Amino acid sequence: MLAPRSADQHASRSRLRRPPEADTILLLESDAQTVADLQSSLRPLGLTVLAASDPLRLVARLNAAGVCAVVLNAAPGPVPLSEVVKVIRSESAVPVLVACASTDVASIGPAVLEGARAIALPYRVGEIAQIIDQSPLPRQRADRLTLGVLTLITESIDAHVRDTPLDLSALEFDLFHMLAERAGYSVTRDELIDALWSDCRTSADDLLVAAVKRVRRKLAEAGVLDAIQTVRGVGYRLNPGVFTPP
């Protein structure tokens, strides 16, 4: 269900400032009419809505190209909402919005602590559009980055060491790309958090530590050890020497 259209008229006067490739909202919603209404209302803004009633199907679409936000209906489901948000925040840096009625705000506290942001239910197109519009724009990255035997390809979110794929999520790829761009130099925790978790700083430190741990594990599985070094009190540094061919 949508809020009265008059409340959102300002949102349809112009397209968002988002780049055209960041145009897809993932929506967890079981009501088909509400999905259709949102699709119709957001289309003039250049936004596409991909809906799922199952959180697992929604999460499976996270790494698709063009996702700019995830919107979750806070109605009770088979999986606790906070767990859904936790998985999304570990896989993607896009904003996560949890829609609930004003009388149910207290119930979404655990989801907010995991990095979600509360929005009104019934949905307000203007509110959703404004949050997306105010979110940090995607970082500009080189199409292809090569560092010895390491290759990163931005368009396909593809990372290889020699012929071994690292199988990084979109968020892990962004983190690793930031370190690879400045290989040999420290990247501060604040820089990484601002780029990847600017909208959920309360849990960002834990998310960063967990993401670095996952990337290190995937590098180790590809036979690369000690690639990401912890710079105490500063952040992290990628050691370019481990990617130098023998």
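Thresholds applied
- Residues numbered from 1 in each chain as written.
- Predicted model: local features only at pLDDT ≥ 70, side-chain atom pairs only at ≥ 80, totals over all residues.
- Heavy atoms only, no water.
- Axes fitted to C-alpha atoms, helices over the stretch in contact; angles between N-to-C directions.
- Helix = DSSP H or I, 4+ residues; strand = E, 2+ residues; numbered from the N terminus.
- Parallel < 35°, antiparallel > 145°, perpendicular 65-115°, else oblique.
- Contact = heavy atoms within 4.5 Å.
- Nonpolar A, V, L, I, M, F, W, Y, C, P; charged D, E, K, R; others polar.
- Expected span 1.5 Å × (residues − 1).
- Buried < 20%, exposed > 50% of the residue type's maximum accessible area, 1.4 Å probe, protein only.
- Pairing = 2+ DSSP bridges.
- 1 Å grid on protein atoms, 1.4 Å probe; cavity = no way out; pocket = protein on both sides within 12 Å on 5 of 7 lines; lining within 4 Å.
- Points joined across faces, edges and corners; volume = space filled by probe spheres on them.
- Salt bridge = Lys/Arg side-chain N within 4 Å of Asp/Glu carboxyl O.

K.L.:
Quick rundown of the packing of helix α7 (residues 189-196) against helix α8 (residues 204-221)? Include the residues and the values.
P.N.:
Close contact between α7 and α8 brings their axes to 10 Å; oriented N to C, the two are set at 100°. One finds that α7 runs roughly perpendicular with respect to α8. For the pair formed by α7 and α8, the contact residues are Arg-189, Leu-192 and Ile-193 on the first element and Ala-204, Asp-205, Leu-208 and Val-209 on the second. Residues that form the contact of α7 with α8 fall into these classes: 5 nonpolar, no polar and 2 charged.

K.L.:
Break down helix α6 (residues 170-181) for me, with residues and values.
P.N.:
Here α6 contains 12 residues, and its C-alpha end-to-end distance of 16 Å stays within 8% of the 16 Å for a straight helix at 1.5 Å per residue. Where burial is concerned, most of α6 is hidden: 11 out of the 12 residues are buried. Listed as buried for α6 are Ala-170, Leu-171, Glu-172, Phe-173, Asp-174, Leu-175, Phe-176, His-177, Met-178, Leu-179 and Ala-180.

K.L.:
Talk me through unusual backbone geometry; I want residue IDs and the actual numbers.
P.N.:
The step from Leu-121 to Pro-122 runs through a cis peptide bond, and the omega angle for that step is 5°. Its identity is not glycine, yet Arg-162 carries a phi of approximately 55°, on the positive side. Within the secondary structure, Arg-162 is located in the loop between β8 (158-161) and β9 (164-165). The phi dihedral of Asp-167 falls on the positive side, at around 55°, and the residue is not glycine. The residue Asp-167 is located in the loop between β9 and α6 in this model.

K.L.:
How would you explain the sheet that holds strand β4 (residues 96-100) if you had to name every residue and give the values?
P.N.:
Reading across from one edge, β2-β1-β3-β4-β5 is the order of the 5 strands in this open sheet, with parallel pairing throughout. Looking at strand neighbours, the two that pair on one side only are β2 (48-52) and β5 (117-120), the edges of this open sheet. Across the sheet, the axes of successive neighbouring strands diverge by a mean angle of 30°, strand direction being ignored. Relative to strand β3 (residues 67-73), strand β1 (residues 24-28) is paired through 5 bridges, and the arrangement is parallel. Among the inter-strand pairings, Leu-27 is bridged to a residue of β3, identified as Val-71. Of the strands in this sheet, β3 and β4 touch helix α3 (residues 81-91), which is tilted by about 170° from β3. Against the sheet, helix α5 (residues 125-134) touches β1, β3, β4 and β5, its axis set at about 150° to β5.

K.L.:
Just give me the short version of the layout of surface pockets, but keep the residues and values in it.
P.N.:
Reported here for the second largest pocket is a volume of approximately 350 Å³. In terms of lining, the second largest pocket is formed by 20 residues, of which the most central are Asn-73, Ala-74, Ala-75, Pro-76 and Gly-77. Secondary-structure elements contributing two or more residues to the lining of the second largest pocket are α3 and α4 (109-113). Here the lining of the second largest pocket takes 3 residues from α3, the largest share from any one element. Among the residues forming the lining of the second largest pocket, the class breakdown is 13 nonpolar, 6 polar and 1 charged.

K.L.:
Hey, could you go over the pattern of salt bridges for me, with residue numbers and the actual values?
P.N.:
Going through the model one piece at a time under the given rule, you end up with 5 salt bridges. Here Arg-214 and Glu-172 are joined by a salt bridge, their closest N and O atoms 2.6 Å apart. Of the two residues, Arg-214 sits in helix α8 while Glu-172 sits in helix α6, which places them 42 residues apart along the sequence. In this structure, Arg-214 and Glu-172 share a single accessibility class: buried. The closest approach of N and O atoms between Lys-218 and Glu-172, which form a salt bridge, is 2.6 Å. Here Lys-218 is found in helix α8, whereas its partner Glu-172 is found in helix α6, with 46 residues between them in sequence. Among the residues examined, Glu-172 registers a relative accessible area of 1% and is labelled buried. Residues joined in a network through salt bridges with shared partners are Glu-172, Arg-214 and Lys-218.

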